[in-house]
Amino acid sequence: MECLVMFGAEFRRFSLERSKPGKFEEFYGLLQHVHKIPNVDVLVGYTDIHGDLLPINNDDNYHKAVSTANPLLRIFIQRKEDADYSAFGTDTMTRKKNVLSNVLRPDNHKKKPHIVISMPQDFRPVSSIIDVDILPETHRRVRLYKYGTDKPLGFYIRDGSSVRVTPHGLEKVPGIFISRLVPGGLAQSTGLLAVNDEVLEVNGIEVSGKSLDQVTDMMIANSRNLIITVRPANQRNNVVRNSRTSGSSGQSTESSLPSSTPNILANFLQGEEESDEEDIIIEDSGEPQQIPKAAPTSESLESLTQIELHESTQNGFLPSSEMNLNHSAGSVSMEYEVQDAEHKSLEEDGTIITL
Amino acid sequence: MLSEKVRDGSKFISCHYDGSYTQWPVSSDNRQPEPLENLVPYGPFPCKAISKIYWQTTKNGLPYIIFQGGMPRASYGDRHSISVVHGSQQTAFDFTSRVIDFFIIFSSEPTAEFDDPSAMVVLAEEELVVIDLKTAGWPAVHPPYLASLHCSAITCSHHVSNIPLKLWERIISAGSKQNIHYSNMPWPIDGGTNIAPDPPQRDLLLTGHEDGTVRFWDASGVCLHLLYKLSTVRVFLTDADPNDNMNTLGEDEWPPLRKVGTFDPYSDDPRLGIQKIYLCKYSGYLAVAGTAGQVLVMELNDEDAEHVVDHAEADLLQDQEGYRWKGHEKLKTRDGPVRFEAGFQPFVLVQCQPPAVVTSLALHSEWKLVAFGTSHGFGLFDHQQKRLVFVKCTLHPSDQLALEGPLSRVKSLKKSLRQSFRRIRRSRVSSRKRRGGSGNASEVQEANAKFDQDALQEMELAPVQRKIEARSAEDSFTGFVRTLYFADTFLRDSSRHCPSLWAGTNGGTVYAFCLRVPPAERRMDEPVRAEQAKEIQLMHRAPVVGILVLDGRSTPLPEPLEVAHDLSKSPDMQGSHQLLVVSEEQFKVFTLPKVSSKLKLKLTALEGCRVRKVTVANFGSCKTDDYSENDLAVLTNLGDIQIISLPFLKLQIRYPCIRKEDVSGIASCVFTKYGQGFYLISPSEFERFSLSTKWLVEPRCIVDVPEVTSNNHVHNKSGMENAARKSRASGRSSGDYGEDERKSGRLMEHALLNDESE
């Protein structure tokens, strides 16, 4: 098996016995040896078959790397002191250019150094709560990263009815609910979804008015990157916002909206991009490769959104405190406003899909 | 008991529940009359009732006695018969479906001395049959409309627009030779005057049937006319001997039954069923494929001929070993030459192995190649050299279900049906028991009932739920070949284009093969070669339902021979070509020859519907003849029709067309090349719709009602004319397609084509 190692601008190639990879310690030593950096602490990473940059720091993930390399094992080494942890994770390599530039020329990016509490980037994310800052507190938007894991999504949905507040008072309306979680499935393992949670949206599309079969098809169509907005049956574990305590902040709802919009947009875009893991092509019985995107006609726009997207990647996980402060208490009127904003962002999203 | 009086009023006839009829004299005195004649026509054993009888006099003295029923109860009690007795002639017309009613057409002159019946009109449950009583042998009259579409269940349909006149005439001539047993009598029913303009072009609708026949219908106008019927049965050896038909009328057969009508729901062998049809209107080549993996290529011959059908086998499993096909066996073929009547005559038979149902078919009449696919893989056959070019197995090694064939699944369905019936029956029984409170109900039964109750309750508690799971490579039936497509395009490099074959599977894989077809002068000397050039795996893994190549002007490539016949511009080979892959969930455009994704439309993610049928439709402008555009006509699983623009994949319009519960209607839908479509609204009726303002087919007619009664009728008549005029006007006013269509709301001009179940 062939290994290609990149350390800064330096390349090294060597071969490795696939059947006897040895221990990580030995491999680490070997890397230091071939790059003649015996006393430098480095972070080792490799690209897996999905194009993700994943770390190698123990025997297990080292063996995984060796066993899945096909046929070439691409390894990236960074000095520990200027390592960019954010480079690791799902779909990092689809934005190869950025990652490469980050890895290869870390000094070019004057980024704030991360405070390393642990190394969460050592793991692939399986789920996240997103858009906490823009959703009503009673709702939860959950993103399931099916991509790259063997775990089944593992849940079922059913028809049901829920009570809504309408201008005509309380009304019983049909809704879609989670009916079952498969033990050991992705949905159950996240702990973010539960039986009897009402499904409100699938990847930004409202499900009201749609049949169970339609919602099923929508979820399956988005199964690689499923974002579902639910109203949890158990409302006790909701995220309580800072804004609630500082409820009488002078900020008006309207002024908070513009600031949240780009964030939603970014989240949707991100969703769009990541679900966009590319189809695979095999040419002339050669190696399977990902199908690249054809050069878009309106390059400026495309590249612009790309940048924005990358910048906001981290924001999607933890809402910045700034954003939270901008929100007033989750009044009913605000709920509608927010949904409006969502619609706007959706439309924009739509144009990008069909661009 | 029913009775019928003779014209002059001197005698009458009565029919009875015991299968007898009696003739009576009519006299003015009050004495009990003596019957003239009492007869049990199909005695002496007990007979079924005669439910209706006619006694019609003729000039030559011998009356016609026509009656329904009266068959011997034991052996023919289940027949739907109408018997005609005229002197020594007697025939029991045997209908395949229940007779609803019948009447006799006779001289309508009130002064005429005799009835002189000319025809008998029988409305059976499934068809209308008219029998000519004037001509010897009493032949049936060829129906000009209300043809029975469902003689044998329709299994597939194929529409070909704008048939060249030459081919049209040859098909009609082949069909007329099949109709010699019909009477020459003009259709005796006056249904009004058709005032629709002559159809602008000749359109053919081909229906494939369960019994291995293909019927050719003239679909140019409002009524479907049967032009020609093709049977593929003669190629095969089946259990049923073709000579053993019910039409043979033995001399000493009693009752003298004769089967009439075309409705015949019984198929001798379900393997004969036709699944895919492709007709090349320029060359007259026809390919049909069936349930047992049979693929036939046929040529139109104006004469009867006797010849050997070349036979080849395509082993689609190839190197996959250790599998056992548990489905039906392949069809046995006849050895030696077979006699074929004039019309389409098969000359090549390819049988797929395992003999699974053919799921896709493509014919290229210019390259003389036919491609076919099943749930196991696909193959390419050179029907000029009669040589198999290649086969490709698409089966996932772990896909046991696809290997076992359809049987295991059918069984399980049957089983579950049986169980549910049993459950219903049992619950009924148990509820009756409870109500009756009869003492002899054993404890076991009670326990059973309780168990059923519990089971029912459990069913009610567990609601309908749907599993949410990503599609995976290990899913069943991923290898099922859904679509095949021939294209002359840039597959390998941008400087040379070459013939290619594209195949799409249920698992979202697209295979592209580069073909080398020798030039015409060496066509017989050099073999056709094929080499796999590309394999695309769509990550969402939804079934691929359509593949299309767009030329440099983003126009879909023309059909084979279309350019040679000057009916299409030659495709633009200068600009770069694009590949459109339509899966059930997404539309994706890729560049060629280097495959990179260009744009896409994620239909399912946005709307929650999936693509069932897709085709390119040409929409012409009503105002100018020289402007038209190509779009995709899409039918979704919700029964909506959507028009999606090419090449930018923008949704133009959406129209709910078929109810989403009408699964068979959705499955039966075919689009035409010019934005019309057909779908079955019942087993025997096609509904026709038009998406194009240029091509409308509307039923327009005038019925002349005799003005003897009140002026009410006259009013009705003018009202109808008005309606007709109105619909014409609206047809014209909707000019530019797009906005006007939305406004007018008359997008779909539904026209009932075959309304006979009423």
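Residues numbered from 1 in each chain as written. Chains lettered and ligands numbered in written order. Predicted model: local features only at pLDDT ≥ 70, side-chain atom pairs only at ≥ 80, totals over all residues. Heavy atoms only, no water.

Here's the deal with the overall build of chain A
Step number 1: Regarding its fold elements, chain A presents 10 helices and 14 strands.
Step number 2: Expressed as a percentage of contacts within chain A between residues at least 6 apart in sequence, the contacts between residues at least 24 apart total 65%.
Step number 3: Carbon and sulfur atoms make up 54% of the accessible area of chain A, which amounts to about 17800 Å² in all. (Helix = DSSP H or I, 4+ residues; strand = E, 2+ residues; numbered from the N terminus. Contact = heavy atoms within 4.5 Å. Areas by Shrake-Rupley, 256 points an atom, 1.4 Å probe, with all protein chains shown as cover.)

Here's the deal with the packing of aromatic side chains
All names here are of chain A.
Step number 1: For the coordinates displayed, the defined rule picks out 20 aromatic pairs over all chains.
Step number 2: Centroid distance F24 to Y28: 5.7 Å. Interplanar angle 50°. Geometry classified as tilted. Remark: Y28 and F24 occur in helix 1 (residues 24-34); sequence separation between them is 4 residues, near one turn of the helix. You'll find F24 and Y28 in the same group, each marked buried. (Phe/Tyr/Trp six-rings, centres within 6.5 Å; stacked < 30°, edge-to-face > 60°. Buried < 20%, exposed > 50% of the residue type's maximum accessible area, 1.4 Å probe, protein only.)

Quick word on the domain arrangement of chain A
Note on interface size: it is often stated as the accessible area lost on association of the parts.
Step number 1: With domains assigned, chain A is organised as domain 1 (2-87) and domain 2 (127-237).
Step number 2: Domain 1 of chain A and domain 2 of chain A are separated by 39 Å when their C-alpha centres are compared. (Domains from an automatic or database assignment.)

Regarding a nonpolar patch on the surface
Step number 1: Where nonpolar side chains cluster on the molecular surface, the patch consists of V163, V165 and L170 of chain A and spans about 330 Å² of accessible area.
Step number 2: Looking at V163 of chain A, the relative accessible area reads 52%, which means it is exposed. (Patch = residues over 30% accessible without salt bridge, like charges linked within 9 Å, V, L, I, M, F, W, Y side chains within 5 Å. Salt bridge = Lys/Arg side-chain N within 4 Å of Asp/Glu carboxyl O.)

What to know about the confidence of the model for chain B
The predicted coordinates of low-pLDDT regions are not to be read in fine detail.
Residues and elements named next belong to chain B.
Step number 1: For chain B, mean pLDDT is 82; residues scoring 70 or higher make up 81% of the total.
Step number 2: Here residues 407-415 is modelled with pLDDT under 50, and outside its nearest four sequence neighbours on either side it reaches 4 contacts, counting other chains as well.
Step number 3: Considering only residues more than four positions removed or in separate chains, one finds that residues 422-441, a stretch of pLDDT under 50, has 10 contacts.
Step number 4: Scoring the predicted complex yields pTM 0.74 and, for the interface, ipTM 0.76. (pLDDT = per-residue confidence, 0-100.)

Details of the interface of chain B and chain A
Step number 1: Facing 43 residues of chain B, the contacting portion of chain A comprises 46 residues.
Step number 2: For the pair chain B and chain A, the summed buried surface comes to about 3900 Å²; carbon and sulfur atoms form 50% of the total.
Step number 3: Of all residues in chain B, the largest losses of buried area upon contact with chain A belong to R466, I468 and M539 of chain B, amounting jointly to 20% of the total for that side.
Step number 4: If you look at where chain B meets chain A, you find 4 salt bridges.
Step number 5: Note that D279 of chain A is salt-bridged to K588 of chain B, the shortest N-O span being 2.6 Å.
Step number 6: Where chain B touches chain A, the interface holds 15 residue pairs in polar contact (both at pLDDT 80 or more).
Step number 7: Taken together, the elements giving at least two residues each to the side of chain B that touches chain A come down to strand 31 (465-468), strand 35 (529-537), strand 38 (586-591), strand 39 (597-602) and helix 6 (603-607) of chain B. (Buried area = accessible area lost by both parts, 1.4 Å probe. Polar contact = N/O pair within 3.5 Å; in protein donor to acceptor, adjacent residues only side chain to side chain.)

A look at the sheet that holds strand 15 (residues 213-218) of chain B
All names here are of chain B.
Step number 1: Taken in spatial order, the 4 strands make up an open sheet running 12-14-15-16, and their pairing is antiparallel. The two strands at the open ends of the sheet, each matched to only one other strand, are strand 12 (154-160) and strand 16 (225-231). The average angle at which neighbouring strand axes cross in this sheet is 20°, direction not considered.
Step number 2: Where strand 15 and strand 16 come together, 6 bridges link them in antiparallel fashion. Paired with T213 across the strands is S231, a residue of strand 16.
Step number 3: Sheet strands in contact with helix 2 (residues 165-178) are strand 14 (204-209), strand 15 and strand 16, and its direction is about 75° off that of strand 16. (Pairing = 2+ DSSP bridges. Axes fitted to C-alpha atoms, helices over the stretch in contact; angles between N-to-C directions.)

Concerning the sheet that holds strand 42 (residues 640-645) of chain B
All names here are of chain B.
Step number 1: With respect to topology, 4 strands assemble into an open sheet ordered 40-41-42-43, the strand pairing being antiparallel. Of all strands in the sheet, those bounded by a partner on one side alone are strand 40 (611-620) and strand 43 (651-656). For this sheet the average axis-to-axis angle between neighbouring strands, irrespective of direction, equals 20°.
Step number 2: Pairing between strand 41 (residues 628-636) and strand 42: 5 bridges, direction antiparallel. Following the sheet pairing, L635 is matched in strand 42 by I641.

With respect to unusual backbone geometry
Residues and elements named next belong to chain B.
Step number 1: Put simply, G43 and P44 share a cis peptide bond, and its omega is 5°.
Step number 2: Note that P44 resides in the loop between strand 4 (37-39) and strand 5 (50-56).
Step number 3: P593 follows L592 through a cis peptide bond whose omega is 0°.
Step number 4: Tracing the sequence through the fold places P593 in the loop between strand 38 and strand 39.
Step number 5: Unlike most non-glycine residues, K368 shows phi in positive territory, near 60°.

Digging into the UniProt feature "repeat: WD" (unreviewed entry) in chain B
Step number 1: Here the UniProt feature "repeat: WD" (unreviewed entry) sits at residues 200-218 of chain B.
Step number 2: Between the end C-alpha atoms of residues 200-218 of chain B the distance is 13 Å, and the span holds 0% helix and 63% strand. (UniProt positions renumbered as here; feature names shortened; annotations may be inferred.)

Focus: the UniProt feature "domain: Lethal giant larvae homologue" (unreviewed entry) in chain B
Step number 1: UniProt records the feature "domain: Lethal giant larvae homologue" (unreviewed entry) for residues 40-139 of chain B in the present numbering.
Step number 2: The span residues 40-139 of chain B is 4% helix and 45% strand, and its two end C-alpha atoms sit 26 Å from each other.

Here we look at the side chain of Q578 of chain B
Residue and element names in this part refer to chain B.
Step number 1: With respect to the element layout, Q578 can be found in strand 37 (residues 578-583).
Step number 2: Residue classification places Q578 among the buried positions, given a relative accessible area of 7%.
Step number 3: In terms of polar contacts, Q578 uses its side chain to reach the side chain of S554, at 3.3 Å.

Some thoughts on the UniProt feature "domain: PB1" (unreviewed entry) in chain A
Step number 1: The sites that UniProt annotates as "domain: PB1" (unreviewed entry) are residues 1-80 of chain A.
Step number 2: A distance of 27 Å separates the end C-alpha atoms of residues 1-80 of chain A, which is 26% helix and 38% strand.

Considering the domain arrangement of chain B
Step number 1: Domain annotation for chain B reports domain 1 (1-141), domain 2 (154-182 + 199-246 + 268-393), domain 3 (471-601) and domain 4 (610-700).
Step number 2: Just the C-alpha atoms count here: the centres of domain 1 of chain B and domain 3 of chain B sit 64 Å apart.

Comments concerning the pattern of salt bridges
All names here are of chain B.
Step number 1: A full pass over the atoms with the stated rule returns 36 salt bridges over all chains.
Step number 2: Residue E584 pairs with R612 through a salt bridge whose shortest N-O separation is 3.4 Å. Of the two residues, E584 is situated in the loop between strand 37 and strand 38 and R612 in strand 40; the sequence distance between them amounts to 28 residues.
Step number 3: Residue class for E584 comes out buried when judged on its relative accessible area of 5%.

Here's the deal with helix 2 (residues 59-68) of chain A
All names here are of chain A.
Step number 1: Among the residues making up helix 2, those that are buried are N61, Y62, A65 and V66. One face of helix 2 carries all of its buried residues, which in axial projection span an arc of 140°.
Step number 2: Where helix 2 is buried, its residues meet helix 1, strand 3 (42-47), strand 4 (53-56) and strand 5 (72-79). (Arc of directions from axis to C-beta.)

Concerning the state of the cysteines
Residues and elements named next belong to chain B.
Step number 1: Taken as a whole and assessed by the stated rule, the structure comprises 0 disulfides over all chains.
Step number 2: Here C609 is not cross-linked by a disulfide; its sulfur's nearest cysteine counterpart is in C657, at 14 Å.
Step number 3: Using a relative accessible area of 1% as the deciding quantity, one classes C609 as buried.
Step number 4: The thiol of C701 is unpaired, and the distance to the nearest cysteine sulfur, on C223, comes to 9.4 Å. (Disulfide = S-S within 2.5 Å.)

Details of the nonpolar core
All names here are of chain B.
Step number 1: In terms of nonpolar packing, the biggest core is built from 41 residues, with W502, L579, L580, F587, L632 and L649 touching the most fellow members.
Step number 2: No other element matches the 6 residues that strand 36 (residues 544-550) contributes to this core.
Step number 3: If you look at the next biggest cluster of nonpolar residues, it comprises 32 residues, including A174, Y228, I274 and I277. (Core = buried A, V, L, I, M, F, W, Y, C linked by side-chain atoms within 4.5 Å.)

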